[in-house]
Amino acid sequence: MAKKDGSRRLQAGVFIGILLLFITFGSLVTFFTDYLWFQEMGYTGTFLTRLRTQLIMGVPLFLVLLAISNLYLIRLKKRYALETGIVEDKADEKRILLGIRWGSVLLAAFLAVTISSRFWFDWLTYTNGQSFGITDPIFARDISYYVFRLPLITGVLSLLMSMLFMLMVLQAVYQFLLISSRMINQPKEDPKVVDFDPFMREKKKRIRTFDAKTISGILTQIGLFGAAFFVLLAVQFWLRTYSVLYSTRGDVFGAGYTDISINLNLFRVLAAVSLAGAAVFAAAARRKNLRMALAVPAALVIISVLGGFAGGLVQRFVVEPDEINKERTYIERNIAFTRKAYALDRIKTVDYPAEQSLTAEDIQNNRSIIDNIRINDYSPTNRVYNQIQGIRPYYIFNDVDIDRYTIDGLYTQVFLAAREMEQTRIDAQAQNWINLVLKYTHGYGVTLSPVNTVTPEGQPALAIRDIPPRTNTDLLIQRPEIYFGESTRTYIIVNTEEGEFDYPSGSDNVMTIYQGDAGIPLTPLNRLLFTMRQRDFSILISSNINSESRIVINRHIVERVRKIAPFLAYGHDPYIVINQEDGRLYWILDGMTLTDRYPYSEFHESGQFNYIRNSVKVVVDAYNGTTDFYISDPDDALVQTYAKIFPDLFKDIDAMPEGLRRHVRYAQDYFDVQSDMYRTYHMTNPTVFFGKEDIWEISREKYLDSTQTVESNYLMFRLHGEENVEFLISVPYSPVGRNNMSSMLVGRCDGENYGELLIYRFPRSENIPGTNMIESRIDQDSEISPQLTLWSQEGSSVLRGNLLIIPIEDSLLYIEPIYLQSRGDNALPEMKRVIATYGDRIVMENTLNQALAKIFGDDARPPDDGTPPDGDSTTAELIQEANRLFEEAQEALRSGDWSLYGQRMDQLETILNQLAARSTP
């Protein structure tokens, strides 16, 4: 019999083992291949941190749970045998106990895995959390307590309460099974025999005594479980006192008058009643007093209702009649903590006069600003890039990025975009495994154009173009292949017997072999693992794969960095960079740290966070896939905590190569969040804030063929009081419901000044036009508006570019490009006019320089290499100069130097105007 039972146990164990292996097999394959990938990336420490923490938490927890459950089962079994007089368990009872024992093992394992999987990161932040250096005003705790410690405490408490409830249910089920088993196996008895048989009467008495003791034991256990539950409930109510810091009851987020006066004390009372109720409930269960037992939850309900009612009365009859005075302190806290949470307290105020004193001399003295005014927009530019630089259908420019480079010694703002391989655009008949995995593996090169120049056709003037990349500048690309990007979502295999397509050359193709370091070696075991991971049998059987072949996975740059560091949030716009030091291409991504646990801080309109920092810059090598995380805000407690948890992941920003450091920019997503919150939280006076007397809104503009809120724009200008032109991001504000401009928020991107925020505050006594007002003036201008209408009626669409606000000296200049686009599927927008507005003047001309010359006079035109002809020049000298300028313009056109071409054509126009004026009688 014992052998038979042992055999059944062995069979059950084998079956369960096979079942668990089958369930976890896919996870094991993913785990091992992920380990290989993290090893390739150099982040095995980061990868193993999770596993190590889960094992440290899970294994002891499993052993403790298993020991408790087994000891409990043994105790119940002995008690059952003792009290019933049964010395040896029957077969069905053994099966029940065996099933329960295996169930306890599986339950312990499940709970251990669940708890360690759920809380491993919370545990690490709890034990490694760094101080914010700020305490809340109610409990005087550092913010780190609420961000790093309280989530784990509350999470574990909720889990314990759930587990306690489950134990109560399991206990009841276990008792039911034991009693049922006894009743099923109880032989039928003749009442007459029982009455006259002393042994049977004694047995029946013993069973009744057992039933009574069982019921009594169940009640005692219910009492103990109930008491434990109320103790945990008391702890939960006590922890809920901290929730007042996140109250939404009042006019602002955070604890208010009613929360401190009523709710805080209510939670404390509920905690005390729950703690007292634990003893009451245990005594009630022991005495079998149902009313006494129900009195505890009834008391909690009554107190909660009365507390809520009292809170409503206080809010209605005490706070609301005198709200500003009652809530002043709490409004001040909300303002202070929100400004800290979004780094708005770092914004420096600059009083900008916005005068109308700009002269032609000022224009000439600020040519570095004028020559970087953007007369192209990213959306039309992206369409043009794809149309004229796509080269082949399978190449795509995912989007256009804006950056700045020193080109031939000049600090220049540019558009650039990566030419990526889009495999879905390969001809359907050619979309086989060899082409998609081994051959068409990468994109090639970038296209770049200055933002301030266009061709005679109104298209961007390309400074880097074609395949292989061609340029007349000192921007050289030594490694143009793009294996990692925004459109690379599939895996590839490199260094195979099949040559890789590099780029098209006329009617032929140039092939290549990958020379980089990316990829996991495809050993026989790895081939098998990745065959299962990718569900692609071709990996295992392909004869093109050799001992040097490597599989490259996770090539999409955003998915790549998220897999390494999923605890960060990432910006929507990674941008490609040419490192002028090594001629290679890199991607830069912005990593944000977020939390929704910052006390008193208002939530962003997304509802997902109330604290944010752009603390990380991520660099991905477009060829090798090397991924580096650099800390750009070392004062952020969140990133300090993450760096302590993952010591092999983060590097200091000073370790970033200088060629890349020059292209770090203030993150647009971060800036947009800050600029949105600052609309309200520029007000620091609680009275003004309470009355919402000075709320701003981000101005509006007409863009392309619709109206939109002005986007934050990267521009180049000289900050007030500074000497050098900088690459900046800015957005304008207007008072709510008005068209004038009240201020402009500016973020600095360059050098040691990176990360600084300035608010240009304009005079309130003057009416400074906002973008919406300028757009209205354009629509109402007697010369411009009819021309735009006429073009629209002649089969073309008139598209407007971004309206840019450029501070120069102490004045503001408004610039907007105008595009024309014929109505057709493949029509491209062409930049045909530039509108310039200054003071009361508004003009529309072919070029920016012409528009400025019309406002400020011919002296505002850009100077030639020498001195341009003046009014004393003879007609012959003017004609000679015109011929020279024309020849130089043609030479620039042939060489593709569109910037020089535009300058010479502007100068030629000036000469021709002078000749025309002399010929006029």
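Computed from a predicted structure; not experimentally measured.

Let's talk about the overall build of the chain
Along the chain, the regular secondary structure elements total 25 helices and 32 strands. Relative to its full complement of 921 residues, the chain shows a buried share of 51%. Accessible surface for the chain amounts to roughly 42400 Å². Of this, 56% is attributable to carbon and sulfur atoms.

Observations concerning helix α16 (residues 557-564)
Burial in α16 covers these residues: Ile-557, Val-558, Arg-560, Val-561 and Ile-564. Projection of α16 onto a plane perpendicular to its axis shows the buried side chains occupying an angular sector of 160°, all on one side.

A short note on empty space enclosed by the protein
As enumerated under the stated definition, the model contains four cavities of 30 Å³ or more in all. In this model, the second largest cavity occupies a volume close to 70 Å³. Going through the elements one at a time, β24 (713-718), β25 (725-735) and β29 (804-808) are the ones with two or more residues in the lining of the second largest cavity.

Considerations on the nonpolar core
Leu-448, Ile-493, Phe-629, Phe-650, Phe-717, Leu-813 and Phe-856 are the most contacted members of the largest nonpolar core, which totals 224 residues. For Leu-813, the contacting residues outside a window of four places in its chain are Ile-370, Ile-373, Leu-804, Ile-805, Ile-806, Ile-808, Thr-837, Tyr-838, Leu-852 and Phe-856. Listed in part, the nine residues of the second largest apolar core include Tyr-394, Ile-426, Tyr-444 and Tyr-503.

Observations concerning the packing of helix α8 (residues 290-319) against helix α9 (residues 323-341)
For any two helices packed against each other, the geometry comes down to the angle between their axes and how far apart the axes lie. With their axes 9 Å apart at the nearest point, α8 and α9 run at an angle of 115° to one another. Contacts between α8 and α9 involve Gln-315, Val-318 and Val-319 from the former and Glu-323, Lys-326 and Glu-327 from the latter. Looking at the contact of α8 with α9, its residues break down into two nonpolar, one polar and three charged.

Notes on a nonpolar patch on the surface
Together, Leu-525, Leu-528, Met-532, Phe-537, Leu-540 and Ile-541 give the surface a local cluster of nonpolar side chains, amounting to about 550 Å² of exposed area. Judged by relative accessible area, Phe-537 falls into the exposed class, the value being 53%.

Observations concerning the packing of aromatic side chains
Under the defined criterion, the tally for this structure stands at 47 aromatic pairs. Residues Phe-253 and Phe-603 carry aromatic rings whose centres are separated by 5.4 Å and whose planes lie at 70° to one another, so their mutual orientation is edge-to-face. Taken together, the residues span a long stretch of sequence, with Phe-253 in the loop between α6 (198-240) and α7 (257-287) and Phe-603 in the loop between β17 (584-595) and β18 (611-621) at a distance of 350 residues. Overall, the relative accessible area of 25% leaves Phe-603 in the partly exposed class. Residues Tyr-678 and Tyr-733 carry aromatic rings whose centres are separated by 6.4 Å and whose planes lie at 45° to one another, so their mutual orientation is tilted. Of the two residues, Tyr-678 is situated in helix α19 (residues 668-681) and Tyr-733 in strand β25; the sequence distance between them amounts to 55 residues. Linked through ring pairs, Phe-31, Phe-32, Tyr-35, Trp-37, Phe-38 and Phe-47 together constitute an aromatic cluster. The residue whose ring lies beneath Arg-141 is Tyr-145, and the NZ or CZ to ring-centre distance is 4.0 Å. One cation-aromatic arrangement involves Arg-665 over Tyr-575; the distance from NZ or CZ to the ring centre is 3.9 Å.

Quick notes on helix α21 (residues 771-780)
One turn of the α-helix equals 3.6 residues, which is why residues spaced by three or four share an orientation. Regarding α21, the residues found buried are Thr-771, Ile-774, Glu-775 and Ile-778. Viewed along the axis of α21, the buried residues span an arc of 100°, placing them on a single side of the element.

Topic: the pairing of strand β22 (residues 700-703)
On β22, burial follows the alternation: Glu-701 and Tyr-703 on one face are buried, whereas Arg-700 and Lys-702 on the facing-out side are not. Two elements, β22 and strand β23 (residues 706-709), share four bridges in a ladder whose sense is antiparallel. Across the sheet, residue Tyr-703 finds its bridge partner in β23, namely Ser-706. Linkage of β22 to β23, two consecutive antiparallel strands, is achieved through a turn of two residues, within which Leu-704 is found at a positive phi near 55°.

As for the packing of α7 against α8
α8 packs onto α7 with a crossing angle of 170° between their chain directions and a minimal axis gap of 8 Å. If you check the angle between α7 and α8, you find them roughly antiparallel. Each residue belonging to the contact of α7 with α8 can be placed in one class, and the counts come to 19 nonpolar, eight polar and one charged.

Quick word on the side chain of Asp-377
Locating Asp-377 in the fold gives a position in the loop between α11 (367-370) and α12 (378-388). Of the polar contacts made by the side chain of Asp-377, one reaches the side chain of Arg-374; its length is 2.7 Å. When residues no more than four places from it in sequence are discounted, the contact partners of Asp-377 are Phe-415, Tyr-703, Gly-801, Asn-802, Pro-817 and Tyr-819.

Remarks on the pairing of β25
Of all eleven residues making up β25, eleven are buried, and the element is well covered by its neighbours. Burial along β25 is two-sided: the face carrying Val-725, Phe-727, Ile-729, Val-731, Tyr-733 and Pro-735 and the face carrying Glu-726, Leu-728, Ser-730, Pro-732 and Ser-734 are both buried. Of the strand pairs in this sheet, β24 and β25 are connected by six bridges, and their pairing is antiparallel. Of the residues in β25, the one forming a bridge with Tyr-714 is Ile-729. Hairpin geometry of β24 and β25 is characterised by an intervening segment of six residues between the two adjacent antiparallel strands and by a positive phi of about 90° at Gly-721. One ladder, built from six bridges, connects β25 with strand β26 (residues 743-748); its direction is antiparallel. Each residue of the ladder has a partner; that of Pro-732, found in β26, is Met-744.

Considerations on the pattern of salt bridges
The tally for this structure, following the rule as stated, stands at 35 salt bridges. Residue Arg-613 pairs with Asp-633 through a salt bridge whose shortest N-O separation is 3.9 Å. Taken as a pair, Arg-613 in strand β18 and Asp-633 in the loop between β19 (627-631) and α17 (637-645) lie far apart in primary sequence, 20 residues in all. Because the salt bridges share partners, they merge into one network encompassing Lys-348, Glu-722, Glu-726, Arg-748 and Glu-756.

Some remarks on the side chain of Asn-526
Examined against the element boundaries, Asn-526 turns out to sit in helix α14 (residues 524-534). Excluding its chain neighbours within four sequence positions, the residues that come into contact with Asn-526 are Leu-36, Ile-520 and Pro-521.

Examining the sheet that holds strand β10 (residues 492-494)
The sheet built from three strands is open, its strands ordered β10-β14-β13 with antiparallel pairing. Sheet topology places β10 and β13 (520-521) at the edges, where each strand pairs with a single neighbour. Judged from the three bridges that link them, β10 and strand β14 (residues 550-552) form a sheet pairing that is antiparallel. Among the inter-strand pairings, Val-494 is bridged to a residue of β14, identified as Arg-550.

Structural notes on unusual backbone geometry
In this structure, the amide linkage connecting Ile-467 to the following residue, Pro-468, adopts the cis form with an omega of -15°. Relative to the helices and strands, Pro-468 is located in the loop between β7 (464-465) and β8 (470-471). Although it is not a glycine, Ala-354 adopts a positive phi angle of roughly 50°. Relative to the helices and strands, Ala-354 resides in the loop between β1 (348-351) and α10 (360-365). Here Asp-466, not a glycine, exhibits a phi torsion of approximately 70°, which is positive. As for its position among the elements, Asp-466 is in the loop between β7 and β8.

A short note on the confidence of the model for the chain
Taken residue by residue, the chain gives an average pLDDT of 86. The fraction at 70 or more is 84%. Note that residues 82-89 has pLDDT below 50 and, in this model, twelve contacts with residues that lie over four places away or in other chains.

Definitions and limits used
- Residues numbered from 1 in each chain as written.
- Predicted model: local features only at pLDDT ≥ 70, side-chain atom pairs only at ≥ 80, totals over all residues.
- Heavy atoms only, no water.
- Helix = DSSP H or I, 4+ residues; strand = E, 2+ residues; numbered from the N terminus.
- Buried < 20%, exposed > 50% of the residue type's maximum accessible area, 1.4 Å probe, protein only.
- Areas by Shrake-Rupley, 256 points an atom, 1.4 Å probe, with all protein chains shown as cover.
- Arc of directions from axis to C-beta.
- 1 Å grid on protein atoms, 1.4 Å probe; cavity = no way out; pocket = protein on both sides within 12 Å on 5 of 7 lines; lining within 4 Å.
- Points joined across faces, edges and corners; volume = space filled by probe spheres on them.
- Core = buried A, V, L, I, M, F, W, Y, C linked by side-chain atoms within 4.5 Å.
- Contact = heavy atoms within 4.5 Å.
- Axes fitted to C-alpha atoms, helices over the stretch in contact; angles between N-to-C directions.
- Nonpolar A, V, L, I, M, F, W, Y, C, P; charged D, E, K, R; others polar.
- Patch = residues over 30% accessible without salt bridge, like charges linked within 9 Å, V, L, I, M, F, W, Y side chains within 5 Å.
- Salt bridge = Lys/Arg side-chain N within 4 Å of Asp/Glu carboxyl O.
- Phe/Tyr/Trp six-rings, centres within 6.5 Å; stacked < 30°, edge-to-face > 60°.
- Lys NZ or Arg CZ within 6 Å of the ring centre and 35° of its normal.
- Pairing = 2+ DSSP bridges.
- Parallel < 35°, antiparallel > 145°, perpendicular 65-115°, else oblique.
- Polar contact = N/O pair within 3.5 Å; in protein donor to acceptor, adjacent residues only side chain to side chain.
- pLDDT = per-residue confidence, 0-100.

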